[in-house]
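Read off the chains here:
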Amino acid sequence: MRILLTGAAGFIGFHTATALLARGDEVVGLDNMSPYYDPKLKKDRLQYLQGKKGFTFMEGDIRDRATVKKAMEGCDRVCHLAALAGVRYAFDHPDEYIAINITGFFNVLDEVRLQKIPGLIYASSSSVYGGNTTFPSKETDRTDDPISLYGQNKKDNELLAHTYHRLYGTHVTGLRFFTVYGPWGRPDMALFLFTESLLHDRPLTIFGHGKMQRDFTYVDDIVSGIVATIDKNCEEEVFNLGCGKTEELMDYVRMIEAACGKEAKKEFLPMQPGDTTKSAADITKARTMLGFDPQTTIKDGVPKFVEWYRGYYKI
Ligand SMILES: NC(=O)c1ccc[n+]([C@@H]2O[C@H](COP(=O)([O-])OP(=O)(O)OC[C@H]3O[C@@H](n4cnc5c(N)ncnc54)[C@H](O)[C@@H]3O)[C@@H](O)[C@H]2O)c1
């Protein structure tokens, strides 16, 4: 298949591209190399992909309709991962979130309709579960109580996709990812920040007084779910993609300490606006319909990240 992958220079996009190319798909990567975090990491991911057969790259912005149109021509699927992905940055930059995560999403979806692309697979998030207090979260749970602008954006994407399916029959699958981690991970996420602080002998800043719980999902497991969804091309679905196992944040910290071979100094701070105390995925639907079967626990996954980090930054 020829697949347009938006956000190809991003963390999950890079791993998705690698898996699709390895099985012989053609990947058109589109990314604007956003400076939200160090673009050098994005350039290095791209450099790795550019050596692979079947990969072409367009530097461009999903806010620009002509760019989206051109990138999509002749594709069998669109896998839309480009977004501003941080919950906290949205607090002071709401305009950018609306322009990229909503108008940008609309550009992709509407172009899928006009070009009659057989299927759109797009990244949603566990953030759509917002202020819910019952766990684990199921796809049928309420998602009308966002506690962050980012969560609102993702819910908005799901509603728009649903409406397009109703009106135009567009095939749309939304994937609610739960805290994804692994090698080449994002510098704004806890695993990266904690590892960086620990290896530079700086104290770890731990929000929520360390009482948070998360369903941490290893990136290879997420990619297997994305690839299965691309192949299945459902008419209209939303799936939780998580590990299906909820961990205490402090256990995650202990894994990082073990992998780094050091104990961290820790500063405990209150919850940040937009953060949830807990995430937990019910993955029964993805297991049943996609054969989704996550393999990696934090015990195996965290050391793989630390090993990558040490190699990449030569520490
Ligand atoms: N990583 C997670 O834990 C997680 C959890 C839930 C959902 N998601 C979603 O998964 C997707 C991928 O996330 P990620 O962790 O790989 O993030 P990422 O920031 O590493 O990747 C996103 C990519 O999109 C690109 N991008 C941003 N704005 C763009 C624009 N206007 N035009 C073109 N490209 C643009 C960025 O340059 C970046 O390379 C996002 O939609 C995110 O919201 C991620």
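As a starting point, this report considers the structure included with it. (Residues numbered from 1 in each chain as written. Predicted model: local features only at pLDDT ≥ 70, side-chain atom pairs only at ≥ 80, totals over all residues. Heavy atoms only, no water.)

### Some words on the site of the ligand
Taken together, 30 residues are adjacent to the ligand, and Asp31, Tyr37, Asp61, Tyr150 and Val180 come closest. A distance of 2.5 Å separates an oxygen atom of the ligand from a polar atom in the side chain of Tyr150. One of the backbone nitrogen or oxygen atoms of Val180 is found 2.8 Å away from an oxygen atom of the ligand. Contact with the protein chains covers 98% of the free accessible surface of the ligand, which is 820 Å². Of the residues contributing to the shell around the ligand, the split by class is 16 nonpolar, eight polar and six charged. (Near = heavy atom within 4 Å. Polar contact = N/O pair within 3.5 Å; in protein donor to acceptor, adjacent residues only side chain to side chain. Areas by Shrake-Rupley, 256 points an atom, 1.4 Å probe, with all protein chains shown as cover. Nonpolar A, V, L, I, M, F, W, Y, C, P; charged D, E, K, R; others polar.)

### Things to note about the pattern of salt bridges
A complete count under the given rule lists 20 salt bridges for this structure. Among the ionic pairs, Asp201 bridges to Lys262, the shortest N-O distance being 2.9 Å. One end of the pair, Asp201, is in the loop between α6 (190–199) and β8 (204–206); the other, Lys262, is in the loop between α8 (249–260) and β13 (266–268), with 61 residues separating them in the sequence. A salt bridge links Lys285 to Glu237; the shortest N-O distance between them is 2.7 Å. Here the residue Lys285 occupies a position in helix α9 (residues 284–290), and Glu237 occupies one in strand β11 (residues 236–241), the gap between them amounting to 48 residues. Counted as one network, the salt bridges with shared partners bring together Arg65, Asp110, Glu111 and Arg113. (Salt bridge = Lys/Arg side-chain N within 4 Å of Asp/Glu carboxyl O. Helix = DSSP H or I, 4+ residues; strand = E, 2+ residues; numbered from the N terminus.)

### A short note on the environment of Gln152
Residue placement: Gln152 occurs in helix α5 (residues 149–168). Distance in space between the C-alpha atoms of Gln152 and Thr103 is 13 Å, their sequence separation being 49 residues. Ignoring anything within four residues of it in the chain, the contact list for Gln152 reads Ile102 and Pro146. (Contact = heavy atoms within 4.5 Å.)

### Section: the pairing of strand β4 (residues 77–80)
Neither face of β4 is open: one carries Arg77 and Cys79, the other Val78 and His80, and all of them are buried. Direction of pairing for strand β1 (residues 2–6) relative to β4: parallel, over a ladder of four bridges. Bridge pairing in β4 places Ile3 opposite Arg77. In the sheet, β4 pairs with strand β5 (residues 120–125) via three bridges, with the strands oriented parallel. Looking across to β5, one finds that Cys79 is bridged to Ile121. A crossover links β4 with its parallel partner β5, the connecting element being helix α4 (residues 94–114), and its sense is right-handed. (Buried < 20%, exposed > 50% of the residue type's maximum accessible area, 1.4 Å probe, protein only. Pairing = 2+ DSSP bridges. Right-handed = clockwise from strand over helix to strand, strands pointing away.)

### A word on the sheet that holds strand β6 (residues 172–177)
The seven strands are arranged β3-β2-β1-β4-β5-β6-β11 in an open sheet whose pairing can be described as parallel. This sheet does not close on itself; its edge strands, each paired only once, are β3 (55–59) and β11. On average, each strand axis in the sheet is inclined to that of its neighbour by 20 degrees, with strand direction left out of account. Sheet topology note: the strand β2 (residues 26–31)/β3 ladder contains five bridges and is parallel. What sits directly across from Gly29, in β3, is Phe57. Strands β1, β4, β5, β6 and β11 of the sheet are contacted by helix α7 (residues 219–232), whose axis makes an angle of about 170 degrees with β6. (Axes fitted to C-alpha atoms, helices over the stretch in contact; angles between N-to-C directions.)

### Quick word on the side chain of Ser148
Mapped onto the secondary structure, Ser148 falls in the loop between β5 and α5. Polar contacts involving the side chain of Ser148 include one to the main-chain amide nitrogen of Gly151, which spans 2.9 Å. In this structure, Ser148 is in contact with Val87 and Gly274, ignoring residues within four places of it in sequence.

### Structural notes on α5
With 20 residues, α5 should reach 28 Å at 1.5 Å per residue; the first-to-last C-alpha distance of 28 Å fits that figure. Residues Tyr150, Gly151, Asn153, Lys154, Lys155, Asn157, Glu158, Ala161, Tyr164 and His165 constitute the buried set of α5. The secondary structure elements touched by the buried residues of α5 are α4, β5, β6 and β11. Within two residues after α5, Gly169 carries a phi angle of roughly 75 degrees, on the positive side. (Expected span 1.5 Å × (residues − 1).)

### Comments concerning the state of the cysteines
Enumeration according to the criterion identifies zero disulfides in this entry. Free cysteine: Cys75, not disulfide-bonded; nearest cysteine sulfur from Cys79 at 11 Å. By relative accessible area, Cys75 is classed as buried at 5%. Looking at Cys79, the relative accessible area reads 1%, which means it is buried. (Disulfide = S-S within 2.5 Å.)

### Details of the environment of Arg254
Mapped onto the elements, Arg254 comes out in helix α8. Overall, the relative accessible area of 48% leaves Arg254 in the partly exposed class. Sequence-wise, Arg254 and Leu204 are 50 residues apart; in three dimensions their C-alpha atoms are separated by 12 Å.

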